[in-house]
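# Structural overview for review
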Amino acid sequence: MKKKLTSVLAASVAMSAVLAGCGSNNDNNNAASPSASASASPSASASASASPSASASEPAKVDPFSMTVRHIQIGEPRKFRLAILNSVLDNVKKDVPEVTFELDGVEDSVNRFTKLPAEMAAGNPPKIFSLFAGAGDAQKYAKAGRLLDLTPIIDELGLKDKFLSVLDPWSVDGKVYGLPIGGNTEGVFYNKDLFAKYNLEAPTTWDALIKAADTFKKNGITPIAVGSKAGWVPNMFVNTLIGRIAGENTNAGFITGEAKWNSPDVVSAYQQYADFEKAGYFTKGELGKTYDDMLNDFIAGKAGMMFDGSWRNSAFTDQKDAEGKPAIGAALAGKVSYIALAPVPNGKGDQTAMNANYAEGYGFSADLNDSELAVVKSFIKNLYSDEMQLRGLLEDGVLPSMKLSDESLAKVTNPLLKEVLDALKNASKTFPHFDQIVQSKVYSETETQLQKLIAGKATAQQVGDAIQKVQDAENAASAK
Amino acid sequence: MPATAKKAIPHIFMLVYVVIILVPFLFVLFSSFKLDNNEITQHPFGLPKSLSFDNYKETWVKAKISVYFFNSLYLSLSSAVVGVFLASATAFALTRMKLDTPSRWIYQFVLIGMLIPGNVLFIAQYFLVRDLHILDTHWALFLPYTAGALPFSVLLLSAFMKSIPHELEEAGTVDGMGAIRMFLKIILPLSIPSLVTVFIVNFLGNWNEYLLANFFISKDSLRTLPTGMVGFRDMFQMNYALICTGIVFSVLPVLLLYMVLQRQIIEGLTAGSVKG
Amino acid sequence: MKSALKNPYIYLMFVLPTIVLYFMFFIYPTITSFYYGFTNWDGLNDKAFIGLDNFVNAFKDAEFRNSIWNNLIILLFSTCIQVPLIVIFSLLISSVKRFQGFYKTTVFMPSILSTSIIGILWGYIYNPDVGLLNSILKTFGVDTIYWLAEPKLAMFSILVTNAWQWMGFYIVLILAAILAIPKDIDEAAMIDGATGVQRAWYLTVPLIKPIINVVIMLSIAGALRVVDIVLVMTGGGPAGSTDVMASYMVNKAIKFGDYGYGSALSIIIFAIALILTALYQLLIARRQERIEY
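Residues numbered from 1 in each chain as written. Chains lettered and ligands numbered in written order. Predicted model: local features only at pLDDT ≥ 70, side-chain atom pairs only at ≥ 80, totals over all residues.

## Focus: the overall build of chain A
From N to C terminus, chain A includes 18 helices and 13 strands. Looking at the 480 residues of chain A, the share that counts as buried comes to 55%. Considering only contacts in chain A between residues 6 or more positions apart, those separated by 24 or more positions represent 80%. (Helix = DSSP H or I, 4+ residues; strand = E, 2+ residues; numbered from the N terminus. Buried ≥ 20, exposed ≤ 12 C-beta atoms within 10 Å, placed from the backbone. Contact = placed C-beta atoms within 7 Å.)

Take a look at the structure:
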């Protein structure tokens, strides 16, 4: 009988061994695949030689180890950004040969609103991850002690003065916890061919914008493409409307109580959005459309305009990716223009102010061993370099977050990208999106309420009241 | 009404039903061979122009379906096997061993589990799994899957084992068999039909589980088929031909298995739900 | 000699692993859910006890009430619309001899597939631009319908998908009961001149009432369990119109970081499930006598 017992136990132990074995097997499989894909990426960056500083600080002998890199560069429109990330990781591997990277690509809002919050709560975020700036993200996690303090690394690498003054939403008490890969502004992309076809003026004035929208609508073309399945997409437009109608300083006032979501000005910004909605200016069935659907509709010529972030300009270039495939919107290369939203009649504040954000970047787990820390250092050194900033600008159309020489900036030849830079240059001042200012619960509420507004389930006033209620509660909580 | 026409009526209704079941699959199958969205919109019902397997190659490479598939397979298998084994041992002790008072208590204790809807425990299990430091490993799914199936499995197997005549063990005890041998040699073989039922119910439950798999695992290489496929859809949301190929890949093996084992699967699942 | 079956150590060995696992993953989480439910825990900072605040807020929370309502709609749809259809289709299949096996296999098929895969599949069927449904409707000149984007249609679309997945399972369940009825009862009725419909309604249906009860019971439990399909197809949108209690709870916890509140919601879901089960047992199942034949 004893014999039986041991054999039963042996069986169950064997079972668990199989389970564990399979798990580790898998790890190996996967560790191999991203490196394979990484090596397939352009090796243009090979020239950036491995500086010994990072590897020198390492222990003499390190066993091979694997690190997870959570990124959001998935899908066709973000492939140029992914190529840059892969180049950076290749460079890091030259500094720290023992490391293999496990790339974990996740859709942007899934990462920001689902994966990272859960992982932060559980205390097991990936070692390197795509992070969003502001009170709802980087600052919240930093305060909870989940993020690596980058200040010493920045000092050591001499990066302190290289960044534009964009690190505030990444900092808590003067310490930096994340770094933006670049910047963007949000404005209007429009299809020049369609505007020419219907004899329309560029939507630089409010009247021209309305006239264009009406004309498109009459001709069965969606005036403004939008994909509101994820609330952040229509929120871009709302943010700029708030800046135009209630003034560019409104956003900053929400957390101090100086501005209120249910103030007449902010409500009339929401009302403006609702009026566009009612006039049928947006994509039909927008609540079921994803962000990529929105781009797709615009590329297919189904829509005349779209309100989007400047990062989208890289979808309309004629450059090819590493595999020789064209950009997703290559057919529209040279046929798309980008401008700031036209001044809104009777809008308060500066009507030429423009939204500008440096909110997308990388953060690192506070829980790192020495070898992992060496990798993080090398990652920062390689990613936040003049070379990668310039590549980001030229290949991916992302505005630099670091100071680039005029000489470098002069390399921009893509006309659409030039328009983006011009739009920003012409802006009298800039203001950040409220998504990096307000608390995460407030931000989530803005998405929920905006979708209700779109669905016709709430009025502009109700939307303002509902958001302000959450804002009041959060402001009270943080005052404690 | 002529008798033949009358006989045809049920068939007509059933045919409509069968068409509603099958057409989505055919649509997905056809779409998976098509070049792009354009071809799908222009000829939604048509056969693909050419039988190209490009989408299949691309999907296989890009979606790591083989990895997801294998993960799902061995997780579902291992936790179903372990679950059946643990539950049958417990059911044996509860119904065949002569410690009635603890058995009654344990039975009632396990019965409580049947009242708790699975997803209610989601948050608490998430933090439990975190505290065990198994988040983002397959243990984070293996343990809840195995545990989650226990109440039902124990109840079903207890009901079955209760109905086995007691004379059998009496003969066994006369032969000098111990409890463990009695369990393995007499009761377990006799319980095979209900073991199969429990196994199938648990296996399919694990195979299809989405909620825990979505939040307890974030490494791509550890994902199971349901969550892996949702990630794949999010990644290629504009390329419907590719998504359809992914669907075909993930559905086909299950359907093949179903064709072979349909009788056991149907009987297992239905018997399981009724007796439970 | 009987002692072999009385050995407490062996008994323990048989029972302990199950009890430990069961305790860890059922009882302990239930207890901690209650504990978390009375705190304001956000997963990041220290938690503080806030008494019944979470529960009070839950009942003031219009979105949560809306999600309860949606569960109720699923429950009503599956019991009042699906169950009669299920009975009718089972009777239809039982009335034929040819293709009976084929029908049974086919209708059952969707219930072995993963809900999330079905969600992806049907999301594609419902796609406004390239989906099957609109392609068919277009040939009849119907304008584009936004199945999952229109708040009024989205819940209905999910209900249809859910029915598509599960009806076959219940049909097979009832079919088995129908086929188990002794043939002589039916034949006697036939000789008496009862029509097929009459025999089905007056003879078969009363005989299979117990199993119909089981199906209703399972449908109620199923309606409370619905969450995967919502998360995969709409994520609760558009504008919360398809949120069910469980998806709302998951979103509150994960997306908003409101783990305390989410735990309170899960306790409420648990309570609602208990109440519905108890009500059903008291009002309906108890009155039913098992029919022996």
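## Quick look at the overall build of chain C
Helix and strand content of chain C: 13 helices and zero strands. Mapped from its N terminus to its C terminus, chain C presents α and β elements in the order α-α-α-α-α-α-α-α-α-α-α-α-α. For 293 residues, the compact-globule estimate of 2.2 N^0.38 gives 19 Å, and the C-alpha radius of gyration of chain C, at 24 Å, exceeds that figure by more than 25%. When its C-alpha atoms are laid out on the principal axes, chain C stretches across 80 × 75 × 35 Å. Put simply, 71% of the contacts in chain C that link residues at least 6 apart link residues at least 24 apart. (Rg over C-alpha atoms; globule rule 2.2 N^0.38 Å.)

## Describing the environment of Asp143 of chain C
Position of Asp143 of chain C relative to the elements: it lies in the loop between helix H6 (132–139) and helix H7 (151–179). Residues Asp143 of chain C and Pro128 of chain C, spaced 15 residues apart in sequence, show a C-alpha to C-alpha distance of 9.9 Å.

## Some details on helix H9 (residues 179–190) of chain B
Residues and elements named next belong to chain B. The end-to-end C-alpha separation of H9 is 15 Å, in line with the 16 Å expected for 12 residues at 1.5 Å each. Within the span of H9, buried status applies to Ala179, Ile180, Met182, Phe183 and Ile187. Burial along H9 is one-sided: seen end-on, the buried residues are contained in an arc of 140°. (Expected span 1.5 Å × (residues − 1). Arc of directions from axis to C-beta.)

## Overview of the pairing of strand S1 (residues 65–71) of chain A
Consecutive side chains along a regular strand alternate between the two faces of the sheet. Residue and element names in this part refer to chain A. Burial within S1 is extensive, with five of its seven residues counted as buried. Where the polypeptide runs from S1 across helix H3 (residues 79–95) and back to strand S2 (residues 99–105), its parallel neighbour, the crossover connection is right-handed. Of the pairings in the sheet, the one linking S1 to strand S3 (residues 128–132) comprises two bridges and is parallel in character. What sits directly across from Val69, in S3, is Ile128. (Right-handed = clockwise from strand over helix to strand, strands pointing away. Pairing = 2+ DSSP bridges.)

## Describing the environment of Gly83 of chain B
Residues and elements named next belong to chain B. Residue position: Gly83 is located in helix H4 (residues 65–96). Note on Gly83: 29 C-beta atoms within 10 Å, which makes it buried. Along the backbone, Gly83 and Val154 are 71 residues apart, and their C-alpha atoms lie at a distance of 9.4 Å. Once residues lying within four places of it in the same chain are set aside, the contact partners of Gly83 are Thr146, Ala149, Leu150, Ser153 and Asn202.

## With respect to the interface of chain C and chain B
Tallying the contact residues gives 74 residues for chain C and 79 residues for chain B. For the side of chain C that touches chain B, the leading source of residues is helix H1 (residues 8–37) of chain C, giving 19 residues.

## Here's the deal with the packing of H4 of chain B against H1 of chain C
Orientation of H4 of chain B relative to H1 of chain C, taken along the N-to-C sense of each, is 135°, at an axis distance of 8 Å. Taken together, the axes of H4 of chain B and H1 of chain C lie oblique to each other. The handedness of the crossing between H4 of chain B and H1 of chain C is left-handed. Of the residues in H1 of chain C, those in contact with Leu86, Ala87, Ala89, Thr90, Phe92 and Ala93 of chain B of H4 of chain B are Tyr11, Phe14, Val15, Pro17 and Thr18 of chain C. In the contact of H4 of chain B with H1 of chain C, the residues fall into nine nonpolar, two polar and no charged. (Axes fitted to C-alpha atoms, helices over the stretch in contact; angles between N-to-C directions. Parallel < 35°, antiparallel > 145°, perpendicular 65-115°, else oblique. Left-handed = near helix turned anticlockwise from the far one by under 90°. Nonpolar A, V, L, I, M, F, W, Y, C, P; charged D, E, K, R; others polar.)

## Here's the deal with helix H14 (residues 386–396) of chain A
Residues and elements named next belong to chain A. By the burial criterion, the buried members of H14 are Met388, Gln389, Arg391, Gly392, Leu393, Glu395 and Asp396. Residues of H14 that are buried sit in contact with H3 and helix H13 (370–383). Count one or two residues on from H14 and you reach Gly397, which has phi positive near 70°.

## Some points on the sheet that holds strand S12 (residues 360–364) of chain A
Residues and elements named next belong to chain A. The strand order across the open sheet formed by five strands is S2-S1-S3-S12-S6, and the pairing between neighbours is mixed. Each edge of the open sheet is held by one strand with a lone partner, namely S2 and strand S6 (179–180). Pairing analysis gives five bridges linking S3 to S12, with the strands arranged antiparallel. Note that in S12 the partner of Leu131 across the bridge is Gly361. Contacts between H13 and the sheet are confined to S1, S2, S3, S6 and S12, with S1 contributing the most and set at about 45° to the helix.

## What about the pairing of S3 of chain A?
Burial within S3 of chain A is extensive, with five of its five residues counted as buried. Residues of S3 of chain A alternate between two faces, with Ile128, Ser130 and Phe132 of chain A on one and Phe129 and Leu131 of chain A on the opposite face, all of them buried.

## Considerations on the packing of H7 of chain C against helix H10 (residues 209–225) of chain C
All names here are of chain C. H10 packs onto H7 with a crossing angle of 160° between their chain directions and a minimal axis gap of 10 Å. The angle between H7 and H10 places the two elements in the roughly antiparallel class. Remark: the crossing between H7 and H10 carries right-handed chirality. Contacts between H7 and H10 involve Trp166, Tyr170, Leu173, Ile174 and Ala177 from the first element and Ile211, Ile212, Val215 and Gly222 from the second. Residue composition of the contact of H7 with H10, by class: eight nonpolar, one polar and no charged.

## Description of the confidence of the model for chain A
Low pLDDT marks stretches whose predicted atomic positions should not be read closely. Confidence along chain A averages 85 in pLDDT terms, with 87% of residues attaining 70 or more. Under a pLDDT of 50 for its full length, residues 1–59 of chain A has, in the predicted model, 72 contacts with residues more than four places off or in other chains. (pLDDT = per-residue confidence, 0-100.)

## Digging into the confidence of the model for chain C
Residue and element names in this part refer to chain C. Summing up the model confidence of chain C, the mean pLDDT is 88 and the portion of residues at 70 or higher is 96%. Per-element mean pLDDT across chain C ranges from 79 in helix H8 (residues 183–191) up to 94 in helix H3 (residues 62–95). Low pLDDT, under 50, characterises residues 289–293; the predicted model gives this stretch seven contacts beyond four residues in sequence or across chains. Here the complex is predicted with pTM 0.85, and the ipTM for its interfaces comes to 0.87.

## Some remarks on unusual backbone geometry
A positive phi angle is found at Asp173 of chain A, which is not glycine, with a value near 50°. By the secondary structure assignment, Asp173 of chain A is in the loop between strand S4 (171–172) and strand S5 (175–176). A count of 6 C-beta atoms within 10 Å places Asp173 of chain A in the exposed class. The phi dihedral of Ala239 of chain C is positive, around 50°, even though this residue is not glycine. On the basis of neighbour count, Ala239 of chain C is assigned to the buried category, with 26 C-beta atoms found within 10 Å.

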